[in-house]
Amino acid sequence: MEHKKILIITYYWPPAGGPGVQRWLKFAKYLPDFGWKPIIYTPENPSYPLLDETLMKDVPENIEMVRTKIWEPYQLAEKLNKSNKKFKAGQFDVGKNQSWKSKLSIWVRGNFFIPDARVFWVKPSVTFLEKYLKENNIDTIVTSGPPHSLHLIGLGLKSKIPNLKWIADFRDPWTEISYYKHLKLTKSSDKKHRQLESAVFKNADITLATSYTDAENFRKAGANAVCITNGFDESDSGEKMKGQKAENKFTLSYIGVLEQLRNPENLWKALDELIKENTEFAADFTLKFVGRIDDKILHTIENSSLKNHIVNLGYLAHGKAVEEMQTSDLLLITNFPNESSKGIIPGKIFEYLASGKQILSFGPEKADVAKILEETEAGKHFNYQDTETVKKFILEKFNLWKNGSLLENTQHIEQFSRRNLTRQLTEALK
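From a predicted model like this one, the values you see are computed outputs, not experimental measurements.

Asker: Is there a simple way to think about the packing of aromatic side chains in this case?
Answerer: The description of an aromatic ring pair uses the distance of the two centres, along with the angle that the planes make with each other. All told, the structure shown has 23 aromatic pairs when counted by the stated rule. Seen in terms of ring centroids, Tyr11 and Tyr12 are 5.0 Å apart; in terms of plane orientation they differ by 85°. Their pairing is edge-to-face. In this structure, Tyr11 and Tyr12 share a single accessibility class: buried. Among the aromatic residues, those joined into a ring-pair cluster are Phe250, Phe281, Phe285, Phe398 and Trp401. When the ring centre of Tyr11 is taken as origin, the NZ or CZ atom of Arg118, which lies over that ring, is 4.2 Å away.

Set out below in structure tokens:
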């Protein structure tokens, strides 16, 4: 039987690194198993914040790739201020850490590039793809954002080809993302962002959300929203990882990018107090970072009693990062603290779940992450005001580790496998 074609419009594709690339890379990997042929449309010359060549192994053999050139102003912005490099990953200096150059750059980014700096790829892509879709008999497309400019490509194509089936995939929210309020928007810019977002919600045939709360919020805003979370791939977290031994220290690890807006200052305080109060804990504790940690966060930690307990490995290829999860005892995940972010489920939580390790989570109360941790009995979620309860949790896990009874747990996680999630996607496409 001939496979049905689906064009996936995505900015992030290997060799791009980080979590943003993996969602549609994994969908593309498993879609052929369910009768779909994925075709990838992506920039010819993107400006990626991270590179990970090892993700190329997951790109399906002979997958059809369509590329066109993009112009984006990040290279110019980085020349003006090196901190602007953070923008590519949605990071910002905040509060007292903002220089006048940062403030100016953020204002320009928010008000001149709506919805983001990839907006210059929209018109040429619509022109190119209108012809390409008709010539190749493709009637189903996906746009994946952020960058949310890509949804404007879908919006443009839908207006030109009304019978086109368009799936708008929101890996993160648009105007409800936590850093939106830090963009220093004028009233007119804010209005334009919201009008464009509303047009996407109302015109896309299906809006995909990666969390339960986001799907509910999107429906309230007029979208036909379906929740399909991110997940873990058995080929990344399966047989090859069995038998991995943990470090000889009680190791708390953070895997990924840690920015100022998700900085768990109460955790650093709790760990600082535990080190000062408990000599056994001080002798056996290691704090491991795998990824890009904001230099200002790292500077603060290194000027505390934690400084002699830090192992900072920097960014590692995805497979190596998974190995570091396996050799840890506790895994840290953080979210933005405000209530509007309770629907964000960081993609790495699913690989954390597959590792079987206990998870220490920070974010707003009643977050979707808390729901997942409760269902899977995989850890505990705290808000950013907790310190004593955090200390109690860490000490409890430390004592179990000391006694050799800190057990692994992989219950109730199959629903989050990439293959099962792709099955859910193909059901929604019917």
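After presenting the structure, the write-up continues.
Asker: Explanation requested: the sheet that holds strand E11 (residues 330–334) in the structure shown.
Answerer: The strands making up a sheet associate through backbone hydrogen bonding, with each pair oriented either parallel or antiparallel. In space, the six strands of this open sheet follow the order E10-E9-E8-E11-E12-E13, with parallel pairing throughout. Two strands lie at the open edges of the sheet, namely strand E10 (310–312) and strand E13 (379–382), each paired on one side alone. Going from strand to strand, the sheet's axes swing by 20° on average, the running direction of each strand aside. Alignment of strand E8 (residues 250–255) against strand E9 (residues 285–290), held across six bridges, turns out to be parallel. Of the residues in E9, the one forming a bridge with Tyr254 is Phe289. Lying on the sheet, helix H9 (residues 265–277) is in contact with E8, E9, E11 and strand E12 (358–362); it crosses E9 at an angle near 150°.

Asker: Where do I start with the side chain of His148 in this structure?
Answerer: Topologically, His148 is positioned in the loop between strand E4 (140–145) and helix H5 (149–160). Judged by its relative accessible area of 6%, His148 is buried. Side-chain polar atoms of His148 contact the backbone oxygen of Pro173, separated by 3.1 Å. If we skip the residues at most four places from it in the chain, His148 touches Pro115, Asp116, Phe170, Asp172, Pro173 and Trp174.

Criteria and cut-off values
Residues numbered from 1 in each chain as written. Predicted model: local features only at pLDDT ≥ 70, side-chain atom pairs only at ≥ 80, totals over all residues. Heavy atoms only, no water. Phe/Tyr/Trp six-rings, centres within 6.5 Å; stacked < 30°, edge-to-face > 60°. Buried < 20%, exposed > 50% of the residue type's maximum accessible area, 1.4 Å probe, protein only. Lys NZ or Arg CZ within 6 Å of the ring centre and 35° of its normal. Pairing = 2+ DSSP bridges. Helix = DSSP H or I, 4+ residues; strand = E, 2+ residues; numbered from the N terminus. Axes fitted to C-alpha atoms, helices over the stretch in contact; angles between N-to-C directions. Contact = heavy atoms within 4.5 Å. Polar contact = N/O pair within 3.5 Å; in protein donor to acceptor, adjacent residues only side chain to side chain.

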